[in-house]
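Residue strings, one per chain:
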Amino acid sequence: MTTLRLGPGDLAQAAAILRRGGLVAFPTETVYGLGADATDARAVAGVFAAKGRPADNPLIVHLADAAALGEVAEGGSPLAALWPGPLTLVLRRRPRGVCDLATAGLATVAVRVPDHALARALIAAAGCPVAAPSANRSGRPSPTTAAAVLEDLDGAIDAVLDGGPTDVGVESTVVDATEDPPRVLRLGGLPLEALRRLAPDIAVGGDARRSPGTRYRHYAPRAPVVLAPGEAVAGLLAADPRAAALVTDETAARLPAGRGGVARLGPLADAAAHARRLFEALRSLDRGQPSVIVAEILPEAGLDRAVMDRLRRAAQ
Ligand code: TXA
Ligand code: MG
């Protein structure tokens, strides 16, 4: 199939494609999602096929407004006060709210209201809950631009709605709100510190059974990734001219001037910049076909926690 390139002015066309069971990649504040009508089993099957995604890994259902939550889930969570935003809540599923395939047959459903005007306008115009995993081939870095979507999925989906580069850059934080206290299943764009303000006793990690996505290799460029402290990067690059590096500006300043294969994440103190640049940097380094990508180890705080989580999985 030919993948249509659409812009914000083509919103009605994108919504019509979703309504008739097609696949449309669209921007959110985190990463681009690959959208399908969550109530349409055939459309949702198309999402799994286009991504090459294992059928036991459920999708996030996107709503235009938290007021629609009752259509797909039973009960709620005080954490829904943080919507719209980069937060996904796992709740008890409402029978027949979305198709079984979207939730991989689980009794729960993952829901999110994105903080992105174009995304919410698209969902509202489609008039249905929109199932949308990140719009990458399964296992690859998530796309933060329409070009990155096309790099993985051109010809495999109906359309991409180009809304420019995404702002947050890493996927949403996933929280299981069926437990008390709630449990973070995936670190992401909403920092743990912000969640703790509303839920001081929130648990983190632990149960891979409840978080199907964490079982798979993820976020991986084609080149192998190794993690190293900033001080060690110069030595590793000197030892291997084909090695590439993903580093903070401070570490980049200590590398030989003019050394190719270096991508900058921004100043050490700017975790939001690290998150915003991470996936595009991995993709661009990969295009140079390096022998290895040496990624600088960042402090485990704020958004850097999510960045380090992605880098660790990429290095697995
Ligand atoms: O920011 C994001 O979350 C992006 C944008 C497009 O919204 N979406 C995204 O979707 O990252 P995806 O499919 O790449 O990741 C969804 C994660 C997976 O780890 C999946 O296992 C988990 O959410 N998940 C989905 N439904 C679940 C459920 N019922 N219980 C537990 N985990 C669930
Ligand atoms: Mg994904």
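Along each chain, residue indices are assigned from 1 in the same order as the chain's sequence is written. Think of it this way: whatever chain is written first is A, whatever ligand is written first is 1, and the rest follow in order. With pLDDT at 70 or above as the cut-off, local features in this predicted model cover only qualifying residues; side-chain atom pairs require 80 or more to be listed or tallied, and sums for whole chains, interfaces and linings still use all residues. With hydrogens and water stripped out, all remaining heavy atoms of the structure feed into the side-chain values.

Asker: What is the right way to look at the overall build of the protein in this model?
Answerer: Each helix corresponds to a stretch of at least 4 residues labelled H or I by DSSP, and each strand to a stretch of at least 2 residues labelled E; elements are numbered beginning at the N terminus. Counting secondary structure elements, the protein contains nine helices and 16 strands. Two things to know: the radius of gyration comes from C-alpha atoms, and the globule rule equals 2.2 Å times the number of residues to the power 0.38. Taken over C-alpha atoms, the radius of gyration comes to 19 Å for the protein, in line with the 20 Å a tight globule of 316 residues would show. With respect to the three principal axes, the spread of C-alpha positions in the protein is 60 × 50 × 30 Å. Relative to its full complement of 316 residues, the protein shows a buried share of 56%. Throughout, a contact is declared for two residues whenever any of their heavy atoms are within 4.5 Å. Of the contacts formed within the protein by residues at least 6 apart in sequence, a portion of 65% connects residues at least 24 apart. Counted as positive: Lys and Arg. Counted as negative: Asp and Glu. His and the chain ends are not counted at all. By convention, the charge on Lys lies at NZ, on Arg at CZ, on Asp at CG and on Glu at CD. For the protein, the distance from the average position of its 35 positive side-chain charges to the average position of its 34 negative side-chain charges is 3 Å. Any residue under 20% of the maximum accessible area for its type is buried, any over 50% is exposed, and the rest in between are partly exposed; the area is computed with a 1.4 Å probe on protein chains only.

Asker: I tried to follow the pattern of salt bridges on my own but got confused; where do I start?
Answerer: Close approach of charged atoms allows side chains of opposite charge to pair. We define a salt bridge as a side-chain nitrogen of Lys or Arg found within 4 Å of a carboxyl oxygen belonging to Asp or Glu. If you walk through the whole model with that rule in mind, you get 19 salt bridges. Note that Arg93 is salt-bridged to Asp100, the shortest N-O span being 2.6 Å.

Asker: Could you clarify how one ought to interpret the sheet that holds strand S14 (residues 243–247) in this entry?
Answerer: One requirement defines pairing of two strands: DSSP has to find at least two bridges between them. Strand order in this open sheet of four strands is S13-S16-S14-S15, and the pairing throughout is parallel. The open sheet has two edge strands, strand S13 (225–228) and strand S15 (262–264), and neither has a second partner. On average, each strand axis in the sheet is tilted by 20° relative to the strand beside it, whichever way the strands run. Relative to S15, S14 is paired through three bridges, and the arrangement is parallel. Its bridge partner being in S15, Val247 is matched across the sheet by Arg264. Angular values range over 0 to 180 degrees, each being the angle between N-to-C directions of two axes fitted as lines to C-alpha atoms, with helices fitted over their stretch in contact. Contacting S14, S15 and strand S16 (292–296), helix H8 (residues 271–287) runs over the sheet at an angle of about 170° to S14. Sheet strands touched by helix H9 (residues 303–315): S13, S14 and S16. Its angle to S13, the strand with the most contacts, is close to 130°.

Asker: Even after reading the chapter, I still don't get unusual backbone geometry, so can you show me in this structure?
Answerer: With omega at -10°, the peptide bond leading from Trp83 into Pro84 counts as cis. Within the secondary structure, Pro84 sits in the loop between strand S5 (73–74) and strand S6 (87–93). A cis amide bond links Asp180 with the next residue in sequence, Pro181, at an omega value of 0°. Along the chain, the position of Pro181 falls in the loop between strand S10 (173–176) and strand S11 (183–186).

Asker: Sorry, what's going on with the side chain of Asp304 here?
Answerer: Of note, Asp304 is situated in helix H9. Arg305 provides the closest opposite charge to the buried, unpaired Asp304, separated from it by 9.5 Å. When sequence neighbours within four positions are dropped, the list of residues in contact with Asp304 reads Leu268, Ala271, His274, Leu298 and Pro299.

Asker: I tried to follow helix H2 (residues 41–51) on my own but got confused; where do I start?
Answerer: The periodicity of an α-helix, 3.6 residues per turn, causes residues three or four places apart in sequence to face the same way. Within the span of H2, buried status applies to Ala43, Val44, Val47, Phe48, Ala50 and Lys51. In this structure, the buried residues of H2 make contact with strand S3 (33–37), strand S8 (130–131) and helix H4 (146–153). Polar contacts, as counted here, are pairs of nitrogen or oxygen atoms within 3.5 Å of one another; within protein the pair requires one atom able to donate a hydrogen and one able to accept it, and residues that are adjacent in sequence qualify only if both atoms are side-chain atoms. Its side-chain oxygen at 3.0 Å from the backbone nitrogen of Arg42, Asp40 defines the N-terminal cap of H2. The positive-phi residue at the C-terminal boundary of H2 is Gly52, with phi of around 65°.

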